[in-house]
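Below, each chain spelled out in residue letters.
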Amino acid sequence: MNYNLLLDNLTNPALLFFVLGILAVYLKSDLEIPPNSSKFISLYLLFAIGFKGGQELSHETFTSEIAWSMLFGVAISIVIPLYTFFILKKRLNIYNAGAIAAAYGSVSAVTFVTAVTYLESQQLGVHGYMVAIMALMESPAIIVGLLLISLFDTEEATDIKKRDVIKHSFTNGSVLLILGSLIIGFVANAKQAEGIKPFTNDLFKGFLAIFLLDMGISSGKKLKAFFSFGLFPFFFAFFIPLLNGTFFAWASMLVTDDITNRFMFAILAASASYIAVPAAMKISVPKANPGLFLPMALAVTFPVNITIGMPLYFLIAQST
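The rules behind the values
- Residue numbering note: each chain is counted from 1, following its sequence as written.
- Totals for whole chains, interfaces and linings use all residues, but because this is a predicted model, local features are given only for residues with pLDDT of at least 70 and pairs of side-chain atoms are given and counted only at 80 or more.
- Calculated side-chain values reflect all of the structure's heavy atoms, with hydrogen atoms and water omitted.
- Runs of H or I in DSSP of at least four residues are treated as helices and runs of E of at least two as strands, each being numbered from the N terminus.
- Residue burial is assigned from relative accessible area. The probe radius is 1.4 Å, only protein chains are included, and a residue is buried under 20% of its type maximum, exposed over 50%, and partly exposed in between.
- Note on contacts: a residue pair is in contact if any heavy atoms of the two residues lie within 4.5 Å.
- The accessible surface values rely on the Shrake-Rupley method and a 1.4 Å probe; as for residues, cover is taken only from the protein chains in view.
- Patch membership requires over 30% relative accessible area and the absence of a salt bridge. Like charges are linked within 9 Å, and nonpolar side chains (Val, Leu, Ile, Met, Phe, Trp, Tyr) within 5 Å.
- Salt bridge, as applied in this entry: a Lys or Arg side-chain nitrogen positioned within 4 Å of an Asp or Glu carboxyl oxygen.
- Expected helix span is computed as 1.5 Å times (number of residues minus one).
- Pairing of aromatic side chains here covers Phe, Tyr and the six-membered ring of Trp, requires ring centres within 6.5 Å, and sorts the geometry by plane angle: under 30 degrees stacked, over 60 edge-to-face, intermediate tilted.
- The term nonpolar core refers to a set of buried residues drawn from Ala, Val, Leu, Ile, Met, Phe, Trp, Tyr and Cys, joined through side-chain atoms within 4.5 Å.
- Throughout, an axis means a line fitted to C-alpha atoms (over the contacting stretch in the case of helices), and angles, computed between N-to-C directions, take values from 0 to 180 degrees.
- Oblique is the label for any angle not covered by the other classes, which are roughly parallel (under 35 degrees), roughly antiparallel (over 145) and roughly perpendicular (65 to 115).
- Residues are sorted three ways: Asp, Glu, Lys and Arg are charged, Ala, Val, Leu, Ile, Met, Phe, Trp, Tyr, Cys and Pro are nonpolar, and all the rest, Gly among them, are polar.

(A) A look at the overall build of the chain. When you go through the chain residue by residue, the secondary structure sums to 17 helices and zero strands. A burial count over the chain gives 54% of its 320 residues as buried. Within the chain, contacts between residues at least 6 apart in sequence are counted, and of these 89% link residues at least 24 apart. Carbon and sulfur atoms make up 66% of the accessible area of the chain, which amounts to about 14400 Å² in all.

(B) Quick look at a nonpolar patch on the surface. Judged by side-chain polarity, F17, L20, L23, L27 and L31 come together as a nonpolar surface patch covering roughly 440 Å² of accessible area. Considering the arrangement of structural elements, one finds L23 in helix 2 (residues 13–26). Of the residues examined, L23 reaches a relative accessible area of 45% and is grouped as partly exposed.

(C) Quick look at helix 15 (residues 259–270). Compared with an ideal rise of 1.5 Å per residue, which puts 12 residues at 16 Å, helix 15 spans 16 Å between its outermost C-alpha atoms and is within 8% of the ideal. Among the 12 residues in helix 15, 11 count as buried, and that is most of the element. Looking only at helix 15, the buried set comprises T260, N261, R262, F263, M264, F265, A266, I267, L268, A269 and A270. Elements in contact with the buried residues of helix 15: helix 4 (64–89), helix 5 (94–105), helix 6 (109–121), helix 7 (129–136), helix 14 (232–251) and helix 17 (290–319).

(D) Region of the structure containing the environment of T154. For T154, the location among the structural elements is in the loop between helix 8 (138–152) and helix 9 (162–171). Along the primary structure T154 and I94 are separated by 60 residues, whereas in three dimensions their C-alpha atoms are 9.6 Å apart.

(E) The environment of A269, seen in detail. Within the secondary structure layout, A269 lies in helix 15. Judged by its relative accessible area of 0%, A269 is buried.

(F) Layout of the packing of aromatic side chains. Scanning the model with the defined rule gives 22 aromatic pairs in all. Centre to centre, the rings of Y44 and F199 are 4.9 Å apart; their planes meet at 70°, and the pair counts as edge-to-face. Residue Y44 is located in helix 3 (residues 35–58), and its partner F199 is located in helix 12 (residues 197–202); the two are separated by 155 residues in the primary sequence. Residue Y44 is classed as buried on the basis of its relative accessible area, which comes to 2%. Its relative accessible area of 31% is what places F199 among the partly exposed residues. Here Y104 and F236 contribute two aromatic rings whose centre-to-centre distance is 5.3 Å and whose plane-to-plane angle is 85°, an arrangement assigned as edge-to-face. Placement of Y104 in helix 5 and of F236 in helix 14 is noted, with a sequence separation of 132 residues between them. We classify Y104 as buried; its relative accessible area is 1%.

(G) Molecular detail of the side chain of T301. Tracing the chain through its elements places T301 in helix 17. A relative accessible area of 1% places T301 in the buried class.

(H) The arrangement of the nonpolar core in detail. Among the nonpolar cores identified, the biggest contains 99 residues, and I100, Y104, F112, M130, L212, F263 and M264 are the most heavily contacted of them. Take this core: its biggest share by element is 16 residues, from helix 17. Residue contacts for I100: discarding those within four places in its chain leaves L88, L92, F236, L292, F293 and M296.

(I) Quick look at the packing of helix 7 against helix 8. Running from amino to carboxyl end, helix 7 crosses helix 8 at an angle of 20°, the nearest separation of the two axes being 4 Å. One way to sum up the angle between helix 7 and helix 8 is to call them roughly parallel. Here M134, A135 and L136 of helix 7 come into contact with helix 8, specifically with E138, S139 and P140. Counted by class, the contact of helix 7 with helix 8 contains four nonpolar, one polar and one charged residues.

Below is the structure:
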């Protein structure tokens with residue numbers, strides 16, 4: 001492994017702000033990001049990455065590689081919840097197993113955004129269609145998780161509103177904003193896009209750092225309750241993302257030779273949703289405990305991916 005890349009990632013200001021957020025909780029500081037501001041920053045990040053992706057996509061020629069890449073992304077979001085559910089079911093109830101499997105099959109837009117920044121530090125860019133693939137991967141994992149819960153649920157009293165949650169998985173705010181921004185960026189010409197470039201490009205890293213500070217504060221508040229579930233969830237949240245990222249960084253060579261695409265496929269496979277999936281599970285599976293799957297995705301998997309994971313996946317994408 002290139003230890004210089006690892007060191008660069010560990011000293012990345014965005015990551016250090018995440019650590020600062022956790023530290024603030026343990027020091028019992030009153031530091032916090034107002035909820036409305038946090039929501040605005042989340043929307044901004046999704047908008048910026050979607051719009052920039054649309055601009056990149058407008059310069060792409062649709063090829064068989066892009067088509068196969070889209071199918072590969074959807075396949076990842078179906079396969080991961082299928083196998084992780086059966087691992088989780090051995091130690092957890094089916095509601096938590098299904099919710100966690102859906103979270104790990106789905107994707108984290110913020111991890112994707114952080115990975116884009118990581119590639120930029122290597123003087124590399126992301127193809128616009130990878131943004132579309134990320135958006136496509138949100139919904140299948142949620143649907144698979146719900147189907148698995150339905151199949152293995154022995155309590156007749158449990159009522160999963162499948163139609164509502166399937167609709168929500170496609171109209172979820174983060175999915176809608178990413179896809180909408182992607183389309184707007186695609187149809188806007190270069191001159192029109194130039195007018196908002198200072199907003200979508202120049203401010204991006206600063207907003208990302210503030211958002212990660214907020215994520216650190218949120219993670220710090222949930223860590224104590226999370227460890228009450230024992231060590232199994234921690235080890236799962238630590239090792240499964242690395243396994244998924246490593247495997248799909250290698251397997252992605254079946255559909256693309258591009259290093260940045262392979263790296264992003266690894267990131268998408270390794271990340272876990274802590275926005276779309278919790279929202280969907282709140283509607284459909286109230287018996288699933290958000291105090292378990294939220295800290296797994298946010299407090300363990302996210303920092304593992306942006307410290308150990310990214311240099312590892314990048315190395316695999318380069319060397320295979």
